[in-house]
Amino acid sequence: QIPKDPTQRWLRELATMSQQLQQVHPNVLAKILKQRTLYQNEEIVVIDKPYGLPVHGGPGIKNCIADVLPILAKMLENMKAEPLHLCHRLDKETTGVMVLARSKEAAEKIRLLFKTRQVEKIYWAIVLGDPDPVEGVVEIPIVEKEVQSHQSHYKMTLAPRYRVRPEDGRVVKARGDRHAERAVTRYRRLAAASACSLLQLQPITGVKHQIRVHLAYGLGCPILGDHKYSHWSKLAPQKLPELTLRRLKLEQSKARHLPLHLHAHRLCLPLGQPLDFVCKLPLFFQKTLRKLELDIPKD
């Protein structure tokens with residue numbers, strides 16, 4: 001039963017995207033990734049990671065990128081049957097540029113480039129609200145904590161080194177959390193409309209869920225479709241502004257189907273000469289930009 005209403009159809013497509021990738025045969029998944037190859041040489045293979053596909057396996061996950069790397073390796077031309085290797089990770093819901101290595105040595109070399117912050121990564125995200133200021137750097141450490149609510153769960157959160165004293169409003173040093181990791185994210189607003197903004201982001205460090213946490217809790221601008229980090233104390237669908245709902249032709253009750261709008265747009269890898277990879281936005285992201293009347297920057 002295909003819904004007549006275009007918005008309902010759009011939501012149905014989004015809801016089934018992840019499920020379909022979980023149901024296909026690993027050979028089919030490897031074929032999909034082969035079609036999404038952006039670049040390959042004797043050291044690396046660069047793919048455009050689809051939405052809703054996890055990088056690693058886990059409970060309830062039937063298909064993930066890690067599991068099909070040996071099949072993908074055999075499918076690529078001029079390729080010894082040695083499996084490909086992961087060099088970094090993207091969240092299940094994040095789309096865009098992902099680098100795989102053709103040997104253990106190449107993987108270790110590239111992981112070291114990521115670790116020593118020599119890889120330039122540029123992301124695009126649609127967020128709720130407007131960051132103030134419109135350009136800047138968020139530098140707040142991040143730590144994983146258990147959230148005590150009717151449904152206990154773990155989330156990454158901010159562990160600021162400073163706090164405002166309520167009695168006199170002075171900024172004083174807070175007691176640091178020894179488990180917290182340093183986290184730095186540069187951001188710049190590219191467009192604003194419909195109570196949303198399109199941001200360009202450059203994570204300088206690589207902490208788990210860093211961009212999502214810095215935007216939601218540091219700037220108060222959660223990513224559109226980020227149901228995990230739109231609230232602190234509960235697991236619930238994101239609450240959208242009236243104007244955003246109107247533009248998306250969406251009811252609040254259907255907001256839970258909105259996917260995370262975070263895209264790994266560009267990656268610059270200094271392997272001998274600098275290699276620059278750009279991944280165009282997925283169709284659902286482009287559609288959302290049009291509906292929200294956010295102008296796509298020409299780059």
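Scoring rules and cut-offs
- Residues numbered from 1 in each chain as written.
- Predicted model: local features only at pLDDT ≥ 70, side-chain atom pairs only at ≥ 80, totals over all residues.
- Heavy atoms only, no water.
- UniProt positions renumbered as here; feature names shortened; annotations may be inferred.
- Helix = DSSP H or I, 4+ residues; strand = E, 2+ residues; numbered from the N terminus.
- Patch = residues over 30% accessible without salt bridge, like charges linked within 9 Å, V, L, I, M, F, W, Y side chains within 5 Å.
- Areas by Shrake-Rupley, 256 points an atom, 1.4 Å probe, with all protein chains shown as cover.
- Salt bridge = Lys/Arg side-chain N within 4 Å of Asp/Glu carboxyl O.
- Buried < 20%, exposed > 50% of the residue type's maximum accessible area, 1.4 Å probe, protein only.
- Core = buried A, V, L, I, M, F, W, Y, C linked by side-chain atoms within 4.5 Å.
- Contact = heavy atoms within 4.5 Å.
- Domains from an automatic or database assignment.
- Buried area = accessible area lost by both parts, 1.4 Å probe.
- Polar contact = N/O pair within 3.5 Å; in protein donor to acceptor, adjacent residues only side chain to side chain.
- Nonpolar A, V, L, I, M, F, W, Y, C, P; charged D, E, K, R; others polar.

Per an unreviewed UniProt entry, the recorded name for the protein is Pseudouridylate synthase RPUSD4, mitochondrial, and the organism is Molothrus ater. In its Subcellular location (unreviewed entry) section, UniProt records this for the protein: "Mitochondrion". Regarding the protein, the relevant UniProt record gives this comment under Sequence similarities (unreviewed entry): "Belongs to the pseudouridine synthase RluA family."

A. Up close: the environment of Leu283. Within the fold, Leu283 resides in helix H7 (residues 283-292). Spatially, the C-alpha atoms of Leu283 and Glu43 are 30 Å apart, while their sequence positions differ by 240 residues.

B. Structural context of a nonpolar patch on the surface. On the surface, a cluster of nonpolar side chains totalling about 330 Å² of accessible area is made up of Tyr162, Val164 and Val171. Note on placement: Val171 falls in strand S10 (residues 171-173). Look at Val171 and you get exposed, because its relative accessible area is 58%.

C. Inspection of helix H5 (residues 210-218) at higher detail. The buried fraction of H5 is high, at seven of nine residues. Just downstream of H5, Gly220 is the residue with a positive phi angle, here 70 degrees.

D. Examining the nonpolar core more closely. Core analysis: the largest hydrophobic core is formed by 43 residues, its most contacted members being Ile65, Leu84, Leu100, Leu201, Leu215, Ile223 and Leu262. With five residues, the top contributor of residues to this core is helix H3 (residues 65-75). Every residue in contact with Ile223, bar those within four places of it in the chain, is listed here: Ala125, Ile126, Val127, Ile211, Arg212, Leu215, Gln238, Leu260, His261 and Leu262. Membership of the second largest hydrophobic core comes to 25 residues, among which are Trp124, Leu240, Leu250 and Phe284.

E. Representation of the domain arrangement of the protein in the model. According to the domain assignment, the protein consists of domain 1 (1-116) and domain 2 (120-298). For domain 1 versus domain 2, the distance between C-alpha centres works out to 23 Å. Domain 1 puts 30 residues into the contact, and the matching count from domain 2 is 31 residues. Between domain 1 and domain 2 the total buried area reaches about 2500 Å² when both faces are included, carbon and sulfur atoms providing 72% of it. Where Asp91 meets Arg212, a salt bridge forms, and the shortest distance between an N and an O atom there is 3.0 Å. Put simply, domain 1 and domain 2 have five residue pairs in polar contact (both at pLDDT 80 or more) between them. Elements supplying a minimum of two residues to the side of domain 1 that touches domain 2: helix H1 (6-23), strand S1 (37-40), strand S2 (44-49), strand S4 (95-101) and helix H4 (104-115). At eight residues, H1 tops the list of elements feeding residues into the side of domain 1 that touches domain 2. Taken together, the residues that form the side of domain 1 that touches domain 2 break down as 16 nonpolar, seven polar and seven charged.

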